[in-house]
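Observations on the three-dimensional arrangement
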Amino acid sequence: MADSLVIVESPAKAKTISKYLGSKYIVKASMGHIRDLPKSQIGVEVQKNFEPKYITIRGKGSVLKELKDASKRVKKVYLAADPDREGEAIAWHLAHYLELSDQEACRVVFNEITKQAVKDAFKTPRKINQDLVNAQQARRILDRLVGYKISPLLWKKVKKGLSAGRVQSVAVKLIYDRENEIKAFVPEEYWTITAKLSSGKADFDAKFYSVDGEKKELKNEAEVNAVLASLQKAEFIVSEVKEKERLRNPSPPFITSSLQQEAARKLNFRAAKTMSVAQQLYEGIDLGSEGTVGLITYMRTDSTRISPVAQEEAKDYIVQKFGESFYPETPRVYTKKNTNAQDAHEAIRPSSVLREPDQIKQHLSRDQYRLYKLVWERFVASQMASAVLDTMTVDLTAANTIFRAVGSKVKFHGFMKVYVEGNDDAAVDTGDDDKLLPPLKEGDKVKKQQIDPKQHFTQPPPRFTEARLVKALEEMGIGRPSTYAPTLETIQKRGYVAIEEKKFVPTELGELVIQQMIEFFPEILDVDFTAHMEEGLDHIEEGKEDWVRVLSEFYESFEKRLEVAEEEMEKVEIQDEVSDEICEKCGRHFVYKMGRFGKFLACSGFPDCRNTKPIVKDTGVTCPNCHEGKIIERRSKKGRIFYGCDRYPECDFVSWDKPVGYPCPKCGAMLVEKRNKSGTFVQCVSCDFREEAKEEQDQD
């Protein structure tokens, strides 16, 4: 008969742990938090040292009764929620409900759900860490004060259903500021000159670098023409050759933010999806004969630390798989870039490097496999030797100008044998493609094939993708691993931002709210102020700061701001933009509304008429199926863009790929845009025709 009860958050985690612990333990799930602040009121007694008024979460009655009954039948209760602030708070609320003593060693934590890690954790249970609990309470109360004090003001002055938050408002402000930068951006003209050269049978390119011994940027066509005139009869002679060896080091193992960024780049995962799939891998997957096992360590962390056991296992694997030369002379130790990073957990890594992705692929869903493979490869690469590249820089003199050619060759792949980090500003990895130059030495004459001048214009700063925004928040010290994904979800659900071509754009509503916040609550939007608050929460967790004092310091100035806003914030009328389209159901005009996935059309007769329809974007391409309709841009129920015939349902043509406005020159069929490691290209849907995308060509 069981003599211990173990409580975790989720049934999946309970199932995995139960198999490790055996029949002496009953393992049950609390299904997340059991108590929280009430939704119907602020639930914080500000005058009583910010005392929270917790209530049982609706719907948890049967779960709590089951836990209470089970606790009475055993000698010992263990609380094994996740190893972070939220997990500690869940354990604290459970201890309160089950009437466990404050001094009881009932808290069990493990960073990975493997048999050894779980069994070791149960050998050393500890008391609940009140500092961790207080840090969670302080964050919850801070967010409640900001949300429940500012939101009613926005409801009253702007529009019902709005909300404000410490982290979400800063995120929207970053998107808003970036959009203003883009609008204010004035493109500047510049030119490049590429010389197409050859030495023997080898062709190579060299770029204009300097004139009369000084590096020069070409600002206009007149300057370009002056250079071209000097090159008409000039010979290209090699004036200097520099060869050197360059080391390239691997990226550190994943933390929460870098995992979200890389999964967005390489797998096209949204932040919320990344965390959901990572949670499944952490809580346990049934691997057949091996049973259920947690495949990765805890996924909410901002530490790059690796346990000595994992490091030793990685060393043995790398040496055996690739050879001694692929392991560095000394084990790699990664330091924290963010001084506010917590070091309670390890980095995100596979629970065992011996579980190669392809060996367990049959037990994983497609998404689980792809994310596990990403984590596994990143970790293995992070422990490997540096790559060695031979680089060659050649300066060529022609008249009074210098052209420069740069080539590189991977001499030793090192970590690049396994993994190369993606890049936000490219469609691909900056991988190991060799860019070779022919053997050249000083005094060599090379043949001029062609001189190619091109006009360019500077580009505005890019809009934020999810990956870029997470990176920006992390670098500024705003939010923590557990907050990134929910923050991105919230700002979209509130209609403050929309996503266009996978990039965030502020909506009119978002801009309006931010303008009000800038005027009346500048501290909430101030990056340094918000980062300082995060630091205060970290100090509470570390036992260096009293949580009531941190809240009092914040609330003193916040309360004054509220009083001013209540008096001076003017009511804003948001007028719906009227479209030319008429509702076919009631004859009124459609108006533009903002939804989770961008703008849509809604009948102005709402709530009497609830007719809505998407805004159609015509691609200008005739349907290749029926040859009558036009291909238009549509959105799936999950917001993903696809393309279909406007005669649907009469014509059922659909495509995930964007059609191109001209036919295949080889067979006349439809061309679509595709992406691969080299960027964007155009491909025929019927034959093997393929070419570089025209917009890419125009930008070169």
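Before reading further, recall that the structure is shown in the block above.
In what follows, the accompanying structure is described. Bear in mind the structure is a predicted one, so any value in this text is a computation, not a measurement.

So, on to the packing of aromatic side chains. Under the counting rule described, the total for this entry stands at 16 aromatic pairs. Between Tyr54 and Trp92, the ring centres sit 6.2 Å apart and the planes meet at 75°, which makes this aromatic pair edge-to-face. Note that Tyr54 is positioned in the loop between strand S5 (51-52) and strand S6 (55-56) and Trp92 in helix H3 (residues 85-97), a separation of 38 residues in sequence. Classification of Tyr54 as buried rests on a relative accessible area of 17%. Each member of the aromatic cluster is reached from another via a ring pair, and the members are Phe50, Phe521, Phe529, Phe554, Tyr555 and Phe558. The ring of Tyr369 has Lys361 sitting right over it, with the charged end atom 4.6 Å from the ring centre. Here the basic side chain of Arg690 rests over the ring of Phe681, its NZ or CZ set 3.8 Å away from the ring centre.

We now examine the sheet that holds strand S1 (residues 4-8). Spatially, the 3 strands line up as an open sheet ordered S2-S1-S7, and their pairing is parallel. Strand pairing shows two members of the sheet lacking a second neighbour, strand S2 (25-29) and strand S7 (76-79), which therefore form its edges. Sheet twist, expressed as the average angle between the axes of neighbouring strands with direction ignored, equals 20°. The pairing of S1 with S2 spans 5 bridges and is parallel.

Attention now goes to the nonpolar core. In terms of nonpolar packing, the biggest core is built from 124 residues, with Phe110, Ile150, Leu371, Leu469 and Phe521 touching the most fellow members. Those residues within four positions of Phe521 in sequence are excluded, and the remaining contacts are Ile150, Leu153, Gln516, Phe558, Arg561, Leu562, Ala565 and Met569. Counting residues in hydrophobic clusters, the runner-up holds 24 residues, among them Val227, Ala234, Phe403 and Leu437.

This next bit is on the pattern of salt bridges. Summed over all chains, the structure comprises 45 salt bridges. One salt bridge in this structure joins Arg166 and Glu534, with 3.9 Å as the shortest N-O distance. Linking Arg166 in helix H6 (residues 166-184) with Glu534 in helix H17 (residues 527-541), this pair joins segments that are 368 residues apart in sequence. Assigned by exposure class, Arg166 and Glu534 land together as buried. A cluster of three or more residues bridged by salt bridges with shared partners is formed by Arg85, Arg480, Asp538 and Glu541.

Turning next to helix H4 (residues 115-123). Quick reminder: α-helices carry 3.6 residues per turn. Residues three or four places apart thus point the same way. If you check which residues of H4 are buried, you get Ala117, Val118, Ala121 and Phe122. Buried positions in H4, seen along its axis, are confined to an arc of 130° and lie on one side of it. Set apart from the buried face of H4 by more than 90 degrees, the exposed residues are Gln116 and Lys123. Summarising the contacts, the buried residues of H4 are in contact with S1, helix H1 (11-21), S2 and S7.

End to end, helix H5 (residues 130-157) covers 40 Å across 28 residues, agreeing with the expected 40 Å (1.5 Å per residue, within 8%). The distance from a side-chain oxygen at the start of H5 to the backbone nitrogen of Asp131 is 2.9 Å, and the residue carrying that oxygen is Asn129.

With that settled, the discussion passes to the pairing of strand S9 (residues 202-211). When a strand is regular, its side chains alternate between the sheet's two faces. Relative to S9, strand S8 (residues 189-199) runs antiparallel, the two sharing 6 bridges. Bridge pairing links Leu197 to Phe204 in S9. Hairpin remark: S8 followed by S9, antiparallel, with 2 residues in the connecting loop; positive phi at Gly200, about 65°. In terms of strand pairing, S9 meets strand S15 (residues 401-412) through 4 bridges, oriented antiparallel.

It is worth spelling out the packing of H6 against helix H14 (residues 484-493) at this point. Two numbers describe how H6 lies on H14: the axes approach to 9 Å, and their chain directions differ by 70°. When the axes of H6 and H14 are compared, the pair comes out roughly perpendicular. H14 is crossed by H6, and the crossing has right-handed handedness. Along its contact with H6, which presents Val167, Gln168, Ala171, Val172 and Ile175, the element H14 presents Thr487, Thr490 and Ile491. Looking at the contact of H6 with H14 residue by residue, the class counts come to 5 nonpolar, 3 polar and no charged.

The rules behind the values
Residues numbered from 1 in each chain as written. Predicted model: local features only at pLDDT ≥ 70, side-chain atom pairs only at ≥ 80, totals over all residues. Heavy atoms only, no water. Phe/Tyr/Trp six-rings, centres within 6.5 Å; stacked < 30°, edge-to-face > 60°. Helix = DSSP H or I, 4+ residues; strand = E, 2+ residues; numbered from the N terminus. Buried < 20%, exposed > 50% of the residue type's maximum accessible area, 1.4 Å probe, protein only. Lys NZ or Arg CZ within 6 Å of the ring centre and 35° of its normal. Pairing = 2+ DSSP bridges. Axes fitted to C-alpha atoms, helices over the stretch in contact; angles between N-to-C directions. Core = buried A, V, L, I, M, F, W, Y, C linked by side-chain atoms within 4.5 Å. Contact = heavy atoms within 4.5 Å. Salt bridge = Lys/Arg side-chain N within 4 Å of Asp/Glu carboxyl O. Arc of directions from axis to C-beta. Expected span 1.5 Å × (residues − 1). Polar contact = N/O pair within 3.5 Å; in protein donor to acceptor, adjacent residues only side chain to side chain. Parallel < 35°, antiparallel > 145°, perpendicular 65-115°, else oblique. Left-handed = near helix turned anticlockwise from the far one by under 90°. Nonpolar A, V, L, I, M, F, W, Y, C, P; charged D, E, K, R; others polar.

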